[in-house]
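Fold and geometry: a report
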Amino acid sequence: MTDFAIKLQQWFTVNKRELPWRMVNDPYKVWLSEIILQQTQVVQGESYYLKFVDSFPTVFDLASASEDRVLRRWQGLGYYSRARNLHAAAKTIVDDYNGVFPNTFNDIIKLKGVGPYTAAAIASICFDEPCAVVDGNVFRFISRLKGISTAIDSTVGKKEFSQIADELLDKENAGEHNQAMMEMGALVCRPSNPLCHDCPFNTDCVALASKQIGNLPYKEKRTKQRARYLHFFLIRNENKIVLEKRNAKDIWKNLYQLPLKETRSAKKIKSFDLRESQPLFVKKYKHILSHQILYASFYFADKSVLSQLEGEYFDVDLELLDDYAFPQLVVNFLSDVGVVKTD
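Just so it is clear, the model here is predicted, and its values are computed rather than measured. In every chain, residue numbers begin from 1 and rise along the written sequence. Where totals are concerned, whole chains, interfaces and linings use all residues; where local detail is concerned, this predicted model gives features only for residues with pLDDT of at least 70, and gives and counts side-chain atom pairs only at 80 or more. The side-chain figures draw on all heavy atoms in the structure; neither hydrogens nor water molecules are used.

1. Overview of the overall build of the chain
Note the cut-off: Secondary structure is summarised from DSSP: a helix means a run of H or I of at least four residues, a strand means a run of E of at least two, and numbering begins at the N terminus for each. With a 1.4 Å probe rolled over the protein chains alone, any residue whose accessible area is under 20% of its type maximum counts as buried; one over 50% counts as exposed, and the rest are partly exposed. Whether two residues are in contact is decided by their heavy atoms: any pair within 4.5 Å suffices. Note that accessible areas follow from Shrake-Rupley with a 1.4 Å probe, and for residues the cover is restricted to the protein chains shown.
The helix and strand inventory of the chain stands at 13 helices and 8 strands. Each principal axis of the C-alpha atoms in the chain carries an extent, and together these give about 75 × 50 × 35 Å. Residues counted as buried form 48% of the 343 residues belonging to the chain. Intrachain contacts of the chain at a sequence separation of at least 6 include 68% that bridge at least 24 residues. Carbon and sulfur atoms provide 47% of the accessible area of the chain, an area that totals close to 18,000 Å².

As structure tokens, this is what we get:
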């Protein structure tokens, strides 16, 4: 074991968080946690993980569940393709591996929605395969420690960082080492306000010595966000509400929503030419996604609006709304006007 690995292990032993997926050596549960945490902070992801495990304690439970139920349990986490891929991969594990989780990197990475990082994490943590994990936390830690300015989102950068991670890896204790690397980035070498004075590697850190902490890691690409203007209609009839299901290859695929009209600009409701009804404006929200900024307006309306919209609509009892997965934006509105109660 190298001096680096020894120092890292010592730090991790004292400072690691007691997280539920660390308390079991179950690849199914480690996999769930890794998928949930791909785009989610631990503080939020932990509660979702516990709810998910409670609903689907085994891979058989997840594979046999309806997609609607899986998406409902995922509601609020965003990036819903993760849930759909998780569901599809569970079916593969049941159908192709008799419910036994694949135990090598090469087989794990074949599962839908699993990339090199997730496959390496599961293979090393659960099966002791010496694969180095390189996630956002590890990119940041290595970039600053070694003073590397190569873009982490470039092909050259990914290869360079993976090579360094492999060189640093304690191959005899890969799972623990990988968790320690990720924990170091999460707790100490944070994106902003890193705890450099508490870092066991502060005397070796190139970025700290050269005052480049704030400039690393470097990203080549900048996410371009486009604006979208959404107009939702809340149509209630006694104890029922009108919904539609999103089926297009777009955000929120297979989630449910209120009847929708999308415009190319921030037009007012009168420009829809809704001659047969007069929807009443209620609320406006701004919702930011990774590649889109959504400007959503909500209205009270009656069913005459539907003849001037495009979609397949149906009535649902208010008491059954908990069975349907909605975009968080719609949940926020329904909660604000007292139609539903949030979890």
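2. Overview of unusual backbone geometry
The peptide bond linking L216 to P217 adopts the cis configuration, its omega dihedral lying at 0°. Looking at the secondary structure, you find P217 in the loop between α12 (206-209) and β1 (226-234). Of note in this structure, K211 is not a glycine but carries a positive phi near 55°. Considering the arrangement of structural elements, one finds K211 in the loop between α12 and β1.

3. Quick notes on the pattern of salt bridges
Once their charged atoms are close, side chains differing in charge can pair, the charge on each being opposite to the other. Let me state the cut-off plainly: The salt bridge criterion pairs a side-chain nitrogen of Lys or Arg with a carboxyl oxygen of Asp or Glu, the two atoms within 4 Å.
Considering all chains together, one arrives at 12 salt bridges under this definition. Its salt-bridge partner being R228, residue E262 comes within 2.8 Å of it at the nearest N-O pair. Here R228 lies in strand β1 and E262 lies in strand β5 (residues 260-263), a separation of 34 residues in the sequence. In this structure E262 comes out as partly exposed when scored by relative accessible area, which is 35%. Among the residues examined, R228 registers a relative accessible area of 5% and is labelled buried. Sharing partners across several salt bridges, the network here consists of R228, R246, D250 and E262.

4. Notes on the nonpolar core
For soluble globular proteins, the rule of thumb is that nonpolar side chains tend to be buried together. As a reminder of what qualifies: Only buried residues count toward a nonpolar core. Its members are Ala, Val, Leu, Ile, Met, Phe, Trp, Tyr and Cys residues joined through side-chain atoms within 4.5 Å.
Residues W31, L62, F232 and L258 are the most contacted members of the largest nonpolar core, which totals 95 residues. Top element by residues in this core is helix α8 (residues 116-127). It accounts for 7 residues. In this structure F232 touches W252, Q257, L258, P259, L260, A296, S297, F298, Y299, L329 and V330, once residues within four positions along its chain are discounted. Counting 8 residues, the second-largest nonpolar core is a separate cluster that includes F233, I235, Y299 and V305.

5. Looking at the pairing of strand β6 (residues 280-288)
Rules: When DSSP finds two or more bridges between two strands, those strands count as paired.
Alignment of β6 against strand β7 (residues 292-300), held across 8 bridges, turns out to be antiparallel. Opposite K284, over in β7, you have S297 as the bridge partner. Here β6 folds back onto β7, and the loop between the two strands holds 3 residues.

6. Overview of the environment of I152
Following the sequence through the fold, I152 ends up in the loop between α9 (136-146) and α10 (155-168). Sequence separation of I152 and S192 is 40 residues, and the distance between their C-alpha atoms is 17 Å. Not counting residues within four places of it along the chain, the set of residues in contact with I152 comprises F139, K158, F161, P217, Y218 and K219.

7. Quick word on helix α13 (residues 328-336)
Among the residues of α13, L329, V330, V331, F333 and L334 are the ones counted as buried. In the stretch just after α13, G338 is the one whose phi turns positive, near 80°.

8. Considerations on the sheet that holds β5
Heads up, the condition is: Every axis corresponds to a line fitted to the C-alpha atoms, with the helix fit spanning only the stretch in contact, and the corresponding angles, defined between N-to-C directions, vary from 0 to 180 degrees.
Taken in spatial order, the 4 strands make up an open sheet running β5-β1-β7-β6, and their pairing is mixed. Looking along the sheet, the strands with just one partner apiece sit at the ends: β5 and β6. The sheet shows a mean angle of 20° between the axes of neighbouring strands, direction not considered. Against the sheet, α13 touches β1, β6 and β7, its axis set at about 140° to β6.

9. A few points about helix α1 (residues 3-15)
Short version of the rule: Helix span, as expected, comes to 1.5 Å for every residue beyond the first. In this description, the arc belongs to the directions extending from the helix axis to the C-beta atoms.
An ideal rise of 1.5 Å per residue puts 18 Å on 13 residues; α1 measures up with 18 Å between its terminal C-alpha atoms. Restricting attention to buried positions, one finds in α1 the residues F4, A5, L8, Q9, W11 and F12. All buried residues of α1 lie within an arc of 165° about the axis, which places them on one face of the element. For α1, the exposed residues set more than 90 degrees away from the buried face come down to D3, Q10, T13 and V14. In the core, the buried residues of α1 are packed alongside α9, α10 and α11 (174-187).

10. A short note on the packing of α1 against α11
As a reminder of what qualifies: An angle below 35 degrees is read as roughly parallel, one above 145 as roughly antiparallel, one from 65 to 115 as roughly perpendicular, and any other as oblique. In a left-handed crossing the near helix is turned counterclockwise from the far helix by less than a right angle, and in a right-handed crossing that turn is clockwise. Three classes are used: nonpolar for Ala, Val, Leu, Ile, Met, Phe, Trp, Tyr, Cys and Pro, charged for Asp, Glu, Lys and Arg, and polar for all others, with Gly counted as polar.
One can describe the packing of α1 onto α11 by two numbers: an axis separation of 9 Å at closest approach and a directional angle of 70°. Between α1 and α11, the crossing angle belongs to the class labelled roughly perpendicular. Relative to α11, the crossing made by α1 is left-handed. Contacts from F4, A5, L8, Q9, W11, F12 and N15 of α1 reach α11 at E176, H177, Q179, A180, M181, E183, M184 and L187. For the contact of α1 with α11, a count of residues per class yields 9 nonpolar, 4 polar and 2 charged.

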